[in-house]
Structure formats: C-alpha cells, structure tokens
Amino acid sequence: PKLSFDPAFLVPIRDVAVPVEAAKVVEQNLRADPGATLRARFVDAEGKPVAKVTAVLMPDWSKQTDGARTWVHRQQTSDADGRITMEGLPKSALTLSANMRGYKPLSRPLDAAKEDLGALELILDRGFGLEGVVRWPDGTPAAEARVSWGSAEDGFNITTVFGSSMEADSDGRFAISGLEDVAYTLRAEASRKVPDPDAPAEAKKLAKTKRETLRGRLTGIRPGAGALEIRLDSGLVISGVAVNDLGNPLETFSVKARKQIDNGWSMEGVARHFKGGAFELEGVHEGRWEISATSPKHANSAPFELTLPGPSEGLRLVLPRQTVLSGRVLNADKTPAAKAAVRWKPAKEQESSFVAFDMNGDGVTRCKSDGTFRVDGLAPGKGTLRAQSNDGAESLPVELTLGPGQVISDLVLDLEGLGEVRGTLHGSIAERARRRVSLEEDDERDWRLGDTSRETLTDARGDFVFLRVPAGKWKALLEPVAETEGGDEDVGPRWDWSERQALRLPHEFELRAGENASIVLGAPPSGKHRISGRVMAGGRPREGARVTATLSGDREKAYTTRSDGIGRYELALGESGQYAVTCRGKGKTSQTRHVELGETGEQVLDFELGGGAISGTVLGPEGKPIGQCWLSLRAVEATGTGTHGNSQVGGDGVFSFGDLGAGSYTIDVNRWGDGERPLANQTFGPFELAENQQLEG
C-alpha cells in the first residue's frame, strides 16, 4: 500500500512505499514539516487596500527540478484590508497569481527557500480601459445590459477570467478597466417585454406580450478608442426542426451553436432549450458555426456546419432514438462485480459522438453493488461492450450492432481471473534490499481505464511480489539508484530516455488470466551479441563514462554500462540489428556512433573524448544573466563523431560543456519565458575550438 499525509497547513509529504508482511504490524513514522508562511497585502497604485482579490499559489515548474518537485495549491480571497495568509508552504520555487475585476492579472514568482514571505506588498495595476453606452435600436439607453469582452477574435479574454463581464448602469453606460493594450471584442445583451402580434385576441393582457432579447457587438476595439456605442438588434437567426429517426418532432430538446475561428473552435457558443420540434436560435453573428442538438432518451444529432450570413433556415437535425444496454458483470468466481466499469466503444469508422445520460464524462458507467449495469443514450451503429474491475481484470469484448430505439437486456460480462507476479533480483545486482520495482502494462490499447501500473519494494533478499495482476503483456522495471559523477548531478538518465530505460533493466513477459508468473529482474542477455571497446579522454583512459546501446527503431531495447579503471567497457546485447551507441562523459556532452551486428556478431568500438570545453553565461536583452534555459550543443560536421550535448541552465545563467575535441560548435538556446515576456529561441556560434582549449566567457 501507499501512504500519503496531507494535513491542512503542513507541507505535503511524498508517497511512502511501505513493505507489509502477512500477520505482522508495520510501524511507519512520518515527520511533518510546518514549512513557510506567506503574508501579503494587495494595494492599488495609491496604496489603498484592495479587498476580494482571488489569490492562487502554485509551484513554479520552470524552476523545480525533476528530482525535487513539490506540489502545493493554496487559494484565498483578500480581506477588507487586502491581506492574505497562507501557511504550510514548501521551501521551493512558487508562483502567486492574483485576479480582481478592474485590475490587470498579477503573477509574482516567489522563492520560499531564500525570500522573506512575511510582509509582501503587491501593487495591482488598473491597466487600460474602455467605456461607452449600450442602446436599443431606437437609440434609447439599454439599462442594465450585460456587457462582456474578449481579447481574441470571438473568444473569451483568458487574461481576465475572473471578470470578463459586467452590468451597465441605469443609463446603459459601462466602464471596463484592467485591460491589456490589445484589440478586444465587446458584446452586449439585454431583454425587454414587447407586444406579441401572434397572441390570440382572447388572451389575457399579460399574454399579449413576449420577452425579446437583443444583442450587439463591436470588434477590433483597442483601449483609448474613446466613447463607444453598442447598438442592439435582433441579429442573425438559425432556425429549423429537430426530429427523431422516424421523422417525429421532439417534444423537448436543446440546440447549441459553436463559433469557429482560424485556430480552431472558440469557447463562444449559444445554446437554448426548445419544445415542440421547431427552434429559432438567436445571438449568432457573422462567421462559421457548428450546430448540434441533444435530447433526453436520444443520441446526439450529427454536427452541422454553416456560414453566416448565408442560408440558415429550415435546418433538419436528426436525433436517433437511444439504444439501451443492460445486464450484469461477474467476477471470475461468479460473484457480482460491484463497481466494475462498463464501456461502450463505437467502431472507429463511426461518428464517435454519442450521449449516455447515466454515464460518466469518459463514456463509462459503473455497476451497482449487485453487479448490474445500464447504459443508455447510445447512438445506433457497430461497437464493442466490455467490462473492467477496479483491479484491472477485463471481460472479453462483446461486439454488437445497435439499431435506433433498440433495447438489449440480460447481457452477462464475465471478468477474467487475476494472477500473481513473483520475482527476485539477479545475483549480479549488489544493492538488493528496499529497491523500488515497477510493473507497467506493455499492451498498446486504448481500453484500459486509469493507470494500471504499480510498484513495490524488494525485501532483504531482493525478492518482490505483485498480487491481483490482470492478464496482459507487462514489463517489470528496477528503478536505478541515484548516481553522481565527481559531486555533479548525473543528468543523463533524466534527459536520455534510452539510457534511463537501460538502467531500469526492463523485463517483458505475458501473464495469462488467473495464472502466476515468476521472473528474474536484471539478468544479463544470454546471446553472443557484444559491443566492447575503450573510452579515452585527452589521450588518457576515462573511468566511469556511460556507454549505452539502443536498438534502431525500438528505444525500449537499450543496454548500458560504465567504463572501468582503464577505460574498457563491454555490452552484452539481446539480439542482432543496427544499434546507436552513445558515450557520455562528465561534461554534459555525448558522442553517438552507429554499428550493425549480425546473428553472432561482435564489434569493437572505441571512443575518444576531447579535452576542450566551452563555458559562459546566458544573458538577456538588458545584458543581465537569465536562467531556465535549455541549451543544445552540436558539432558542425557532416559526418564524424556525432558530438552533442544538452544542459538546463539555472537561475544564474551559467553553463559549461566539456569533453570536446577540436572543431566547430553551435549552441541552441531555448528560453521559455521571462516573466510575461517570451524570448525567441536563438542559435549562437559557430565557436572554433582548438585541441584541449578551454573557451570561456
């Protein structure tokens, strides 16, 4: 089992893997860390407190390394004096975001390990503004009209999520602040009662009126445009009928129209409920729209696209009568499979949009405690029905062809039995106790619900066991022990997938339903395929260089070792084929060669690392060091050693590449942001390096 401890105002503790033995009580101590405390006050440009500011604290992922990532989430609203207090914060890189209608969003990086968070004063900026009036078609003010704005064409203003709409005053006037200096789209909407010319003469006085909703919009408006006027009108209309597959009008249904923009479908949409089969959808405007309808006990209509202005009347939306599937799910011992998941998956060639009103958003329903299930709202067509328990045990797929309005009951889905995986570490592995072993599913299929991977710790003998494992193809992996090189972090496995996989000693096997498997993890390949050689640096043997061979086209088939005291290495490989062999020294650089091994082939492959180095600092446009950069070094050569290197630069901007031979090199700098200002990726060089030269600055 995994234990987690997450009290309200203490730093969350990472998951602790605890080995448990049958009939024994295991005592596990957990130490809570009170962490840091943030006390901040929000004020405006005049120093006055700002109340009701929504403040959110999250990790600054750009400054947290893979090995020390700490999750934290705090959210508070400032009090009348603009103050917030957040406790139990990890001493790491954080980001505080604040949003308040009428002010520009604020984002403030924090370093809880180095910075005093006890008395922060954060100034909110009013930014730019827009003001104007909303009027009815006859020019009179539209009192209390709803005004909304977005910074992208026909899209919502993502930068002002917490205040992108407001209500105009009694004179129809509005004033918006906290905006960026970009173009905006403004929309206004207001409703009023008007005479109903279609009301029967004998109707009561109140029934002779109807509610009319008018809308208006302005596009491409930038702050400082002066007094604006949004004139309301009836706008364009999309109309038609909604029927079932028999052609009968639907009694009750909903129609939704979604606007398309150049980079995809926007979040803007119009939706209304209707009765009696006919519909008239107002609130649309120029552009391309996707129309669809939904109704209880019916599948969704197929989406219909149209462009306005253009033909938009007399649409016919067909919603097939729902298909209903029901039955029960049984465990391998024929007991009811309570809470088992049941999923209907349409055939790939079908339109995958279907509604299941008793199902979760992922198209999955859960069995009741007696194992029974009911799936409704399905569209007609071919598909597959399947069940899965919380442990991952599956039923065989049931292929069905569904017709409109069809009801299929008394279905029985039998779950396959679960097995066990018992294993031990190979005798060549020195550190055997409390090693972390992972079990990952190796099947390439999209049916599995959730993450089926699991992990455990070995005992003192290096043995491990996984219980209740479903049938399928699996891969067992031994998590490597952290390595260091001369006091420097060994960053290779973090960035090189093949090297990391090789260090995890993957073992693939297949488990049949209800059966057990025994495996030995870390056994060396038994074949005769080998690659050996020496690693030299500056004419001297290099001890501890990492050499990794990866089979072409399958990076999961990787093998790795280190060179010994006289620079020699040997790799035993599992099969013949073409391999990419990479040698990585201590200077964040690598050399890659390609070799072909026959059925019983052996290859001798030597590596000569250079004695040169390139080091320096990454500077921003103002000449100051900037961090959080990804640097890639490449040798400028058509053929040869294939020297390359990767490095992540910290906050001081300092970088260094070593083990370089004489030649010409370029460095690509990928900078993913400088506050709110992104910086373009750039290539520097070429840098000419002589033999054993140390190029600095």
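For every chain, the first residue of the written sequence is number 1, and numbering continues from 1 along that sequence. Whole-chain, interface and lining totals are the exception, using all residues; otherwise, since this is a predicted model, local features are given only for residues with pLDDT of at least 70 and side-chain atom pairs are given and counted only at 80 or more. As a rule here, side-chain values come from all non-hydrogen atoms in the structure, and water together with hydrogens is ignored.

(A) Structural view of the pairing of strand 10 (residues 128-135). Strands are treated as partners if at least two bridges between them are detected by DSSP. Comment: elements are numbered from the N terminus, with helices defined as DSSP H or I runs of at least four residues and strands as E runs of at least two. Where strand 10 and strand 13 (residues 173-179) come together, five bridges link them in antiparallel fashion. Following the sheet pairing, E131 is matched in strand 13 by A175. Bridging between strand 10 and strand 16 (residues 227-231) involves five bridges; their strand directions are parallel. Within strand 16, the residue paired with E131 across the bridge is A227.

(B) Main features of the sheet that holds strand 12 (residues 165-167). Read from one edge of the open sheet, four strands run 12-11-14-15, paired in antiparallel fashion. Lying at the two open borders of the sheet, with one neighbouring strand each, are strand 12 and strand 15 (209-221). Pairs of neighbouring strands in the sheet enclose a mean axial angle of 20°, with direction left out of account. As paired strands, strand 11 (residues 146-150) and strand 14 (residues 184-195) are joined by five bridges and run antiparallel to one another. Where helices are involved, their axes are fitted lines through C-alpha atoms of the stretch in contact, as for all axes, and angles between N-to-C directions lie from 0 to 180°.

(C) Structural view of the pattern of salt bridges. In the sections that follow, a salt bridge refers to a side-chain nitrogen of Lys or Arg positioned within 4 Å of a carboxyl oxygen of Asp or Glu. In the structure shown here, the tally under the stated rule is 27 salt bridges. Of the charged contacts in the structure, one is a salt bridge between D81 and R41, with a shortest N-O distance of 3.0 Å. Here D81, found in the loop between strand 5 (74-77) and strand 6 (83-89), pairs with R41, found in strand 3 (residues 36-43); they are 40 residues apart in sequence, far enough to count as distant. Among the residues examined, R41 registers a relative accessible area of 16% and is labelled buried. A simple rule labels every residue: compare its accessible area, found with a 1.4 Å probe on the protein chains alone, to the largest value its type can have, and call it buried under 20%, exposed over 50%, or partly exposed in between.

(D) Main features of the confidence of the model for the protein. Averaged over all residues, the pLDDT of the protein equals 83, while 84% of them reach at least 70. Along the chain, pLDDT gives the predictor's confidence residue by residue, from 0 to 100. Two residues form a contact once any of their heavy atoms are found within 4.5 Å. In this model residues 153-163 is a low-confidence stretch, pLDDT under 50, and it forms 35 contacts with partners more than four residues away in sequence or in other chains. Every residue in residues 485-495 scores below 50 in pLDDT, and together they form 22 contacts with partners more than four places removed in sequence or on other chains.

(E) Expanded view of unusual backbone geometry. In the segment running from L308 into P309, the intervening peptide bond is cis, with an omega of -5°. Structurally, P309 can be placed in the loop between strand 22 (304-308) and strand 23 (315-318). The amide bond that connects G685 to the next residue, P686, takes the cis arrangement and shows omega of 5°. As for its placement among the helices and strands, P686 is situated in strand 54 (residues 682-689). At K52, a position not held by glycine, the phi torsion is positive, near 65°. Within the fold, K52 resides in the loop between strand 3 and strand 4 (54-59). Residue K52 is classed as exposed on the basis of its relative accessible area of 63%. With a phi close to 50°, L505 is a non-glycine residue in the positive phi region.

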